[in-house]
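Read off the chains here:
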Amino acid sequence: MAVITKYVVVRNGVELDKEFLVKKEADAYDKMLDAADNLAAFIKDAGLETHLDDATIDALSVFLAQNGPEVIRILKGLTPMAKPQRSPEPETETETEAETPRRATAKKKAPVGKAKGK
């Protein structure tokens with residue numbers, strides 16, 4: 001029997017459907033959602049005369065939060081280094097063990113050029 005630890009982000013008392021196998025990834029996702037919430041509140045409270053509905057503002061804020069480093073480069077007047085990430089499908093995908101990147105284990109090699117016992 002195998003034991004698998006899964007991390008789930010809880011927002012406003014509701015568990016999100018996305019699960020993580022690594023706590024660090026779950027924390028990063030939660031931090032990104034916090035940034036998106038702050039961006040959405042900032043945009044909504046700005047008093048802009050736009051005709052964007054709340055869903056559009058929320059989607060835009062998640063996109064900006066996911067691409068934070070590139071957005072910061074653009075705001076500093078630099079050109080972006082990478083293409084923008086597409087927003088993942090709406091909270092329904094589950095990260096599996098096969099999708100989790102693994103570190104390759106390095107094997108020690110015998111010294112080259114010297115034979116044992118000589």
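Each remark here, short or long, concerns the structure printed above.
Summary of the structure given here. (Residues numbered from 1 in each chain as written. Predicted model: local features only at pLDDT ≥ 70, side-chain atom pairs only at ≥ 80, totals over all residues. Heavy atoms only, no water.)

Further remarks concern the environment of Asn67. Of note, Asn67 is situated in the loop between α2 (54-66) and α3 (68-75). Of the residues examined, Asn67 reaches a relative accessible area of 6% and is grouped as buried. Counting along the chain gives 16 residues from Asn67 to Lys83, while the straight-line C-alpha distance between them is 9.3 Å. Among the polar contacts made by the side chain of Asn67, one reaches the main-chain carbonyl oxygen of Phe63 at a distance of 2.9 Å. (Helix = DSSP H or I, 4+ residues; strand = E, 2+ residues; numbered from the N terminus. Buried < 20%, exposed > 50% of the residue type's maximum accessible area, 1.4 Å probe, protein only. Polar contact = N/O pair within 3.5 Å; in protein donor to acceptor, adjacent residues only side chain to side chain.)

Relative to the helices and strands, Ala35 is located in helix α1 (residues 23-45). Owing to a relative accessible area of 33%, Ala35 belongs among the partly exposed residues under this scheme. Counting along the chain gives 31 residues from Ala35 to Gln66, while the straight-line C-alpha distance between them is 9.0 Å.

With that settled, consider the pattern of salt bridges. Applying the stated criterion across every chain yields a total of 7 salt bridges. Linking Asp58 and Lys44 is a salt bridge whose minimum nitrogen-to-oxygen distance equals 3.3 Å. Residue Asp58 is found in helix α2, and its partner Lys44 is found in helix α1; the two are separated by 14 residues along the sequence. Note on Asp58: relative accessible area 33%, which makes it partly exposed. Counted as one network, the salt bridges with shared partners bring together Arg11, Asp30, Asp34 and Asp37. (Salt bridge = Lys/Arg side-chain N within 4 Å of Asp/Glu carboxyl O.)

As a further point, take the nonpolar core. Counting 9 residues, the largest nonpolar core consists of Val9, Leu16, Phe20, Ala26, Tyr29, Met32, Leu33, Ala36 and Ala65. Elements with a contribution of two residues or more to this core: β2 (14-20) and α1. If you tally residues by element for this core, the top one is α1, at 5 residues. Setting aside anything within four residues of it in sequence, one finds Leu33 in contact with Val9, Arg11 and Leu16. (Core = buried A, V, L, I, M, F, W, Y, C linked by side-chain atoms within 4.5 Å. Contact = heavy atoms within 4.5 Å.)

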